[in-house]
Amino acid sequence: MGLKGLRNKRWFKVMTNMYVLVLTIFVIWMAFFDTNSLLIHLELRKEIKKLEKQKEFLQGEIDKDKEVLEKLSDKGELEKFAREKYYMKKENEEIFLIEYEDSLKTKRE
């Protein structure tokens, strides 16, 4: 069959066409070697999805913080928060912190 027989095949003529060769090289270059290659686009798409998930999480945290701020705008709620969280007290008032036995066991372990 040799080289002459191979040249007479239809698929060989199509594959050795200059336009097909240039187009094939161009597609390979754009898919793998270019600065805007297909691989880079896939990596960037993954990063965008990750950042969108992080954005949703942080938006939820912002909403929770807004609710807390709305609660703390009330003077009674602000006082309750300060007493529970930061152990603040009024003048001439004493605070007693009571630790239960269960909490003491977990602290020792």
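If you're wondering where the values come from, they're calculated on a predicted model, not measured in any experiment.

(A) Summary view of the overall build of the protein. Along the backbone of the protein there are 6 helices and 0 strands. For the protein, the N- to C-terminal ordering of α and β elements is α-α-α-α-α-α. Expected size for 109 residues packed as a compact globule is a radius of gyration near 13 Å; at 35 Å, the protein overshoots this value by more than 25%. Dimensions of the protein, computed from the C-alpha atoms along their principal axes, are close to 110 × 40 × 20 Å. Considering the protein as a whole, with its 109 residues, one finds that 5% of them fall into the buried category. When the 23 positive and 21 negative side-chain charges of the protein are each reduced to one mean point, those points stand 19 Å apart.

(B) Geometry of the side chain of Ser37. With respect to the secondary-structure elements, Ser37 resides in the loop between helix H3 (18-33) and helix H4 (38-72). The residues contacting Ser37, other than those within four sequence positions of it, are Met30, Ala31 and Phe32.

Analysis parameters
- Residues numbered from 1 in each chain as written.
- Predicted model: local features only at pLDDT ≥ 70, side-chain atom pairs only at ≥ 80, totals over all residues.
- Heavy atoms only, no water.
- Helix = DSSP H or I, 4+ residues; strand = E, 2+ residues; numbered from the N terminus.
- Rg over C-alpha atoms; globule rule 2.2 N^0.38 Å.
- Buried < 20%, exposed > 50% of the residue type's maximum accessible area, 1.4 Å probe, protein only.
- Lys, Arg positive; Asp, Glu negative; His and termini not counted.
- Charge placed at Lys NZ, Arg CZ, Asp CG, Glu CD.
- Contact = heavy atoms within 4.5 Å.

Note that every value here comes from positions in space, so none of it alone points to a role or purpose.
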